[in-house]
Amino acid sequence: MIHTAIESLEAIIVDLPTIRPHKLAMHTMQNQTLVILRIRCADGIEGIGEATTIGGLSYGNESPDSIKTNLDRHFAPLLVGQDACNINAAMQRLDRVIKGNTFARSAVETALLDAQGKRLGLPVSELLGGRVRDSLEVAWTLASGDTVKDIAEAEHMLEIRRHRIFKLKIGAGEVSKDLAHVIAIKKALGDRASVRVDVNQAWDEGVAIRACQILGDNGIDLIEQPISRNNRAGQVRLNLRSPAPIMADESIECVEDAFNLARDGAAPVFALKIAKNGGPRAVLRTASIAEAAGIGLYGGTMLEGSVGTLASAHAFITLNKLAWDTELFGPLLLTEEIVSNPLQYHDFQLHVPALPGLGLELDEERLAHFRRK
Ligand SMILES: O=C(O)C[C@H]1C=CC(=O)O1
Ligand SMILES: [Mn+2]
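Residues numbered from 1 in each chain as written. Chains lettered and ligands numbered in written order. Predicted model: local features only at pLDDT ≥ 70, side-chain atom pairs only at ≥ 80, totals over all residues. Heavy atoms only, no water.

An unreviewed UniProt entry lists the chain under the name Muconate cycloisomerase family protein, with Metapseudomonas boanensis given as the organism. According to its UniProt record, the chain has this under Sequence similarities (unreviewed entry): "Belongs to the mandelate racemase/muconate lactonizing enzyme family." (UniProt positions renumbered as here; feature names shortened; annotations may be inferred.)

(A) Looking closely at the sheet that holds strand β1 (residues 6–23). One open sheet holds the three strands; their spatial order is β1-β2-β3, and the pairing between them is antiparallel. The open sheet has two edge strands with one neighbour each: β1 and β3 (46–52). Strand-to-strand, the axes of this sheet are offset by a mean angle of 20 degrees, without reference to chain direction. Pairing of strand β2 (residues 28–41) with β3, which is carried by seven bridges, proceeds in the antiparallel orientation. Of the residues in β3, the one forming a bridge with isoleucine 39 is glycine 47. Strands β1, β2 and β3 of the sheet are contacted by helix α1 (residues 64–79), whose axis makes an angle of about 165 degrees with β1. Packed on one face of the sheet, helix α12 (residues 306–316) meets β2 and β3 and runs near 100 degrees to β3. (Pairing = 2+ DSSP bridges. Helix = DSSP H or I, 4+ residues; strand = E, 2+ residues; numbered from the N terminus. Axes fitted to C-alpha atoms, helices over the stretch in contact; angles between N-to-C directions. Contact = heavy atoms within 4.5 Å.)

(B) The arrangement of the sheet that holds strand β12 (residues 344–346) in detail. Reading across from one edge, β4-β13-β12 is the order of the three strands in this open sheet, with antiparallel pairing throughout. Looking at strand neighbours, the two that pair on one side only are β4 (135–137) and β12, the edges of this open sheet. For this sheet the average axis-to-axis angle between neighbouring strands, irrespective of direction, equals 25 degrees. Taken together, the three bridges between β4 and strand β13 (residues 349–351) define a ladder with antiparallel strand orientation. Note on β13: the bridge partner recorded for serine 135 is histidine 351.

Below, the structure is given as structure tokens:
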């Protein structure tokens, strides 16, 4: 029985400027490219989703262009005419025909949840079983590439009470310079902040063994993805030696990766990302695996704009415990908005609206202005 059919999918590439260059081990972002998905339904309701990557194909297997092509050519024909109200049936139909493509899948799952929430008058968090909090603590990434600038940026964030957890992007430079950069920032901030690093797979195991020891000895709270996702045995060995906990990020490209990492004992903390699991419901499956294995949770981001950020937040506020908080600051890295009601950040937290669906409206004029022609 079809309640209301999916009528169309529209994938829109949007290019937005960033407040400053954002330097990661594998790429320096000068701007950000979002893929916004609109799913229109026969009852007149529209759901919005987002699939956003970092630096084209430099981070993972999908790019904005591949996501749009795959949504247009492969996802849309499978979904048009299907029941928009039955999200299980729609996602299982995709599972039968499409491998991988978790970013595109996440946009679809998000848009269907947004539409269903608007239809029923319920926030997405309530469709996911119910929120247990209304806000989430949010970390900020210091990635200007300059120690003095990073310290000034952190001081400003503490002062305006927006962030007190800082993640430093390292791995691009010489290891000794990177370590000196991190130690200088931790010294400047002291106990006023939690300082963590993200190496984005840049080190080999030998380097990582030494560097993790130094980071742990200097008060760094968490070390994210120090070595390649492909070196699983190395991750297990490193995990046994590092004095500071290791977080798996790139290692998780799907829910099954999360299971295998948990089974192997490869990391005591998982970064949860809707895009890398296939949506807000899919990421909760990874969270369940972690919870069953005693692994700590962190609410991660692919530096999405407001749509993807809020979709992540609706999933994360349903969790019992986020021991390492979140990094849902994506919209704050952008100088422009494409929604008419920007996200609310204050007192170190992102506040999640209790409005139907995601609780966002697209600003049509701004979307028209920033969409790729
Ligand atoms: O975690 C990543 O690797 C990607 C992203 C998240 C925060 C940030 O600054 O970059
Ligand atoms: Mn990361």
